[in-house]
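Take a look at the letters that make up each chain.
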Amino acid sequence: MTQNQNDHLENHVVRDSVERKAALLRMSHELGRDDLRMAILGEGNTSTRVGPDTFLVKASGSSLRTLTPNDVVECRMSALLPLMKDTHLGDSDVDAALFASRIDPNGKKPSLEALFHASLLSLPDVEFVGHAHATAVAQILCSPRAREFASHRIVPDEIVCCGVASVYVPYADPGLELARQIRRGVMTFVEQHARSPRVILLENHGIITIGRTPEAVVSAMLMAEKVANIWVGAAALGGPVFLKQEQVERIADRPDEKYRQKVLSL
């Protein structure tokens, strides 16, 4: 490879990294809007892949609503993914691994949940991840009907934006154990449905949405929150009434809905 080719490749990588960071900031600000009630203070986190082994993730304690370029940390997946298999790690070990994963040793500490971001961004077709504590969704996740909410669908647009079902993760300690439980849940979902999930629901905690684009992440998050509000209202009237599985599959595979997903960057 010539020097000019090397320079061109390096410039392309830099531009892509800059563009990815800008997209991540826009997505974070959208999820952190005060009127959406998805996250307050330092709640929630976001990430995007920038290379085969690197990703950008929100720094610990930063606010989604006011996230700045300095509040985003670039990390190595290869420094975090092996932790999933190590059963002898304590909190201090995890902290040390998070600091060691940074590309810039002077950067801020990555979010503790960078662990599950690394795992999710290693999936095919996943380029962006968003995590929030959406109010209406959390109402259901803190109730005895949380698993029902994950496994059923009640309106067609929920299928278009959120997929045929959601991954349900029973409560796990935030950090390494939660990342492990999420990975298990996602792998089981892929085996059962032969497709990646779009929504992951964390019992007594919050929601994660994943996709190829920031629009896919935000759309799934907003639709899940809208449906949760409908769900709670329908539950007060004796429901909700769930769509049948054949109806769900029909919507998921319709050519017109596939086209709409493409137009909406879902």
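About the cut-offs
Residues numbered from 1 in each chain as written. Predicted model: local features only at pLDDT ≥ 70, side-chain atom pairs only at ≥ 80, totals over all residues. Heavy atoms only, no water. Helix = DSSP H or I, 4+ residues; strand = E, 2+ residues; numbered from the N terminus. Buried < 20%, exposed > 50% of the residue type's maximum accessible area, 1.4 Å probe, protein only. Expected span 1.5 Å × (residues − 1). Contact = heavy atoms within 4.5 Å. Salt bridge = Lys/Arg side-chain N within 4 Å of Asp/Glu carboxyl O.

> What is the right way to look at unusual backbone geometry in this model?
Peptide bonds are, in most cases, trans, and in most cases residues other than glycine have a negative phi. In this model, glycine 239 is joined to proline 240 through a cis peptide bond whose omega is 0°. Tracing the backbone shows proline 240 in the loop between helix 8 (214-236) and helix 9 (245-253). Here alanine 194, not a glycine, exhibits a phi torsion of approximately 55°, which is positive. Note that alanine 194 resides in the loop between helix 7 (176-193) and strand 6 (199-202). You can call alanine 194 exposed: its relative accessible area is 71%. A positive phi angle, near 55°, is found at asparagine 204, a position not held by glycine.

> How should I be thinking about helix 7 in this particular structure?
Working note: α-helix, 3.6 residues per turn, so residues spaced by three or four point in the same direction. For helix 7, built from 18 residues, the straight-helix expectation of 26 Å at 1.5 Å per residue is met to within 8% by its first-to-last C-alpha distance of 26 Å. Elements that come into contact with the buried residues of helix 7 comprise helix 2 (91-100), helix 3 (114-121), strand 5 (167-169), strand 6 and strand 7 (206-211). Immediately beyond the C-terminal end of helix 7, within one or two residues, lies alanine 194, with a positive phi of roughly 55°.

> Where do I start with the pattern of salt bridges in this structure?
Think of it this way: side chains of opposite charge can pair up when their charged atoms draw near. Tallying each qualifying case throughout the model produces 10 salt bridges. For arginine 33, the salt bridge identified is with glutamate 30, shortest N-O distance 2.8 Å. Across the pair glutamate 177 and arginine 180 runs a salt bridge, and its minimum N-O distance is 3.9 Å. Here arginine 180 and glutamate 177 lie together in helix 7, a separation of 3 residues that amounts to about one turn. It is possible to trace a salt-bridge network through shared partners that takes in Glu30, Arg33 and Asp35.

In short, geometric facts, not functional conclusions.
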